[in-house]
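The primary structure of each chain is shown beneath.
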Amino acid sequence: MKRLKTIFLGLILTMSVNAQDGRFAITLRVDSAIASESQKVYLYSQIEKQMHLHDSLNIDSVHRVGTLHGSVPYEYAVHLMFARRGPGVVPVVVKNGDSITVHVGDEDDGFRLRYPRNTEGSPAMHEYVNYYLTQDSLDHQRTKVWLQMQLVGLPETKKDSLKTHYDVLVREIEHSKELFAMNARYPYAAMGVGGSIYSNYKWSPTTHTYKEEVVDSIMNSLIQRFPDYPPIRALVNDSTLGDYMSAESFATNTLLWKRYSSRFYDSELDTIVRPLKVGDYFNILGLNEYRGQYVYVDFWASWCQPCLMQMPNIKQAAQMFSKDLMVHLISIDKSGKEWWSAVKEHDLRNHLEGEQPYQIHNRRAYDEKGKMNADVRSLGIKTIPHNYLIDRSGRIIAKNISGAMLIDKMQQLLEKEKQQ
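Notes on the structure follow. (Residues numbered from 1 in each chain as written. Predicted model: local features only at pLDDT ≥ 70, side-chain atom pairs only at ≥ 80, totals over all residues. Heavy atoms only, no water.)

## What about the nonpolar core?
- Counting residues in each nonpolar core, the largest one holds 57 residues, and the members touching the most others are Phe82 and Val92.
- The contacts of Val92, once residues within four sequence positions are left out, are Ile26, Tyr76, Ala77, Val78, Leu80, Ile100, Val102 and Met125. (Core = buried A, V, L, I, M, F, W, Y, C linked by side-chain atoms within 4.5 Å. Buried < 20%, exposed > 50% of the residue type's maximum accessible area, 1.4 Å probe, protein only. Contact = heavy atoms within 4.5 Å.)

## Section: the sheet that holds strand β11 (residues 294-300)
- Here five strands make up an open sheet; going across it, the order is β13-β12-β11-β14-β15 and the pairing mixed. Two strands bound the open sheet, and with one partner strand each, they are β13 (360-364) and β15 (396-399). Taken pair by pair, the neighbouring strands of this sheet meet at an average axis angle of 20°, ignoring direction.
- Direction of pairing for strand β12 (residues 325-331) relative to β13: parallel, over a ladder of five bridges. Within the sheet, the bridge partner assigned to Ser331 lies in β13 and is Arg364.
- Packing against the sheet, helix α9 (residues 305-320) makes contact with β11, β12 and β13, and its axis sits at approximately 165° to β11. (Pairing = 2+ DSSP bridges. Helix = DSSP H or I, 4+ residues; strand = E, 2+ residues; numbered from the N terminus. Axes fitted to C-alpha atoms, helices over the stretch in contact; angles between N-to-C directions.)

## Some remarks on the packing of aromatic side chains
- Enumeration over the complete set of coordinates arrives at eleven aromatic pairs.
- Ring geometry for Tyr74 against Tyr229: centres 5.4 Å apart, planes inclined by 80°, an arrangement best described as edge-to-face. Of this pair, Tyr74 sits in the loop between β4 (65-70) and β5 (76-82) while Tyr229 sits in the loop between α6 (212-225) and α7 (230-236), and the two are 155 residues apart along the sequence.
- For Tyr74, a relative accessible area of 8% translates into the label buried. (Phe/Tyr/Trp six-rings, centres within 6.5 Å; stacked < 30°, edge-to-face > 60°.)

## Thoughts on the state of the cysteines
- Tallying each qualifying case throughout the model produces one disulfide.
- Paired through a disulfide, Cys304 and Cys307 show a sulfur-sulfur distance of 2.3 Å. Measuring handedness by torsion sign, the sulfur bridge of Cys304 and Cys307 sits at about 75° and is right-handed. Across the pair, Cys307 and Cys304 agree in class, each one buried. (Disulfide = S-S within 2.5 Å.)

## Some points on the pairing of strand β2 (residues 39-47)
- Within β2, seven of the nine residues are buried, which leaves the element mostly enclosed by the surrounding structure.
- Here β2 runs beside β5; their pairing, made up of four bridges, is antiparallel. The residue of β5 that forms the bridge with Leu43 is Leu80.

## Digging into helix α4 (residues 156-183)
- Relative to the 40 Å expected for 28 residues at 1.5 Å per residue, α4 spans 40 Å between its end C-alpha atoms, a close match to the ideal helical length.
- If you check which residues of α4 are buried, you get Leu162, Leu169, Val170, Ile173, Glu174, Ser176, Lys177, Glu178, Phe180 and Ala181. (Expected span 1.5 Å × (residues − 1).)

## Let's talk about unusual backbone geometry
- Unusually for a residue other than glycine, Asp347 sits at a positive phi of about 55°.
- Within the element layout of this structure, Asp347 appears in the loop between α10 (336-345) and β13.
- Even without a glycine there, the phi angle at Asn400 is positive, about 55°.
- Tracing the sequence through the fold places Asn400 in the loop between β15 and α12 (403-419).
- Taking the relative accessible area as the measure of exposure, Asn400 reaches 42% and is therefore partly exposed.

Structure below.
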């Protein structure tokens, strides 16, 4: 994914956009976890197979609101792309003159494609989002039934029942598309769905249940409802195909992103796990009692040398900021014996007496049966060391920082609090 983003950024940065009068404006608001890492957000579109970079802005823990501007030749979808954290792509339907506010929440973090539920200022955007959320729900149901159909040893009666259910869902999805294409009030989404039906029918007439007369009705309806929309005119006048998209090219999905990243897929439960929201991190292994203090959560293992190299600095941070910082070490050792041996060997236990008392809380992610805690699993940690610094209100304000950087960060935070 990172490599794909890098290539993609290289493409959009090489494109230029001609300024036009009556530009649109998109005000972006992001939640604190997404803004915990400084990053750029790019606004781009792909029209007539040409990539356009419209604008970009920087966000961080302080600057969580910004406005991007651009111009489109007609109502179309532009896309917000977060360079580091957040959804990979957020589509927004706009036309010149629109002023739209889009809120991207921490619950959207980790998704490759995200339809934002919370938007203001664009009825076309609301119509577009509601349609795709409905389709996503139906697609998810269909996928679950399909997975059940793949199980080995199913009785024939069960197979037949699942097949019937699957066919019903397929038809429901197609019927939903037909109804939307016939009744949508705004041209971009209507044309996109209608063009998809047209393309599917023309290029693969045996893989769906679309009837020729229905497809004709849909395309005629689009022409009648939106006669001045350039992609619609392309259907009527073939000579304009060089300038505007035909139904076929309009239907091509230029964003072949998976709906959900593997980070939120739990293979044991065969389901999408709800992403953690701001404040949820305090609930991981009972951290809620420490609200009001800074919390440093570090995931490590006895066999991880880079993890062990950080421990002296982490211990020093626990000593230096014992009144303000709670350090929690969460081991992903499957062996409880190896975990506790490492804790003792590297002196990672509480020191409540002496000149510099401090606390280091030790937990293990796995239980004695070898099952990982559900909250830890939902974080989708792939590599260690992996850590979070959480502020007094439960916001993640730093991620994957070394022990030395933790000391510097805490000094800055406490000095800032003194000045306020």
